[in-house]
Amino acid sequence: MTAKSPITPSEDAGAQRQHPVVYTKEFKLAAVARLKDGKQTAQALANELGVRRNQLYKWAKVLEQNGPEASFTSRGRKPESEESELARVKRELSRVKEDFELLKKLEASFARMKR
């Protein structure tokens, strides 16, 4: 992985896409174990590890639901063949809503231009 230069305030933060950090299964298991032992607050642990506090809680929830063997086994979204119909429909609905909002803005813009 190559190091990225930090974005200065004058640059458009949306112009550069930063790749997400990928944490290993061992890292996540150790982080959750430290969260559960209660020796540090969740925020202090998150700051030390360089993750968001809510991410620690998400990892703990996944670990609790699936157990250590089935947790953190893959990266990212499931392949479409394994994805549920509901998840596909929700994702498509989200895209359609975004398109609809864009079309409404364009329509309003064209209406102003005609005046």
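Parameters and conventions
- Residues numbered from 1 in each chain as written.
- Predicted model: local features only at pLDDT ≥ 70, side-chain atom pairs only at ≥ 80, totals over all residues.
- Heavy atoms only, no water.
- Salt bridge = Lys/Arg side-chain N within 4 Å of Asp/Glu carboxyl O.
- Helix = DSSP H or I, 4+ residues; strand = E, 2+ residues; numbered from the N terminus.
- Buried < 20%, exposed > 50% of the residue type's maximum accessible area, 1.4 Å probe, protein only.

Undergrad: What am I meant to see in the pattern of salt bridges here?
TA: If charged atoms from side chains of opposite charge come close, those side chains can pair. Within this structure, the stated rule accounts for four salt bridges. Here Arg 34 and Glu 48 are joined by a salt bridge, their closest N and O atoms 2.8 Å apart. Placement of the pair is Arg 34 in helix α1 (residues 25-37) and Glu 48 in helix α2 (residues 42-49), with a sequence separation of 14 residues. Of the charged contacts in the structure, one is a salt bridge between Glu 101 and Lys 104, with a shortest N-O distance of 3.4 Å. One end of the pair is Glu 101 and the other is Lys 104, both in helix α4 (residues 85-114) and three residues apart, which spans about a single turn. A relative accessible area of 38% means that Glu 101 is categorised as partly exposed. Judged by its relative accessible area of 39%, Lys 104 falls in the partly exposed class.

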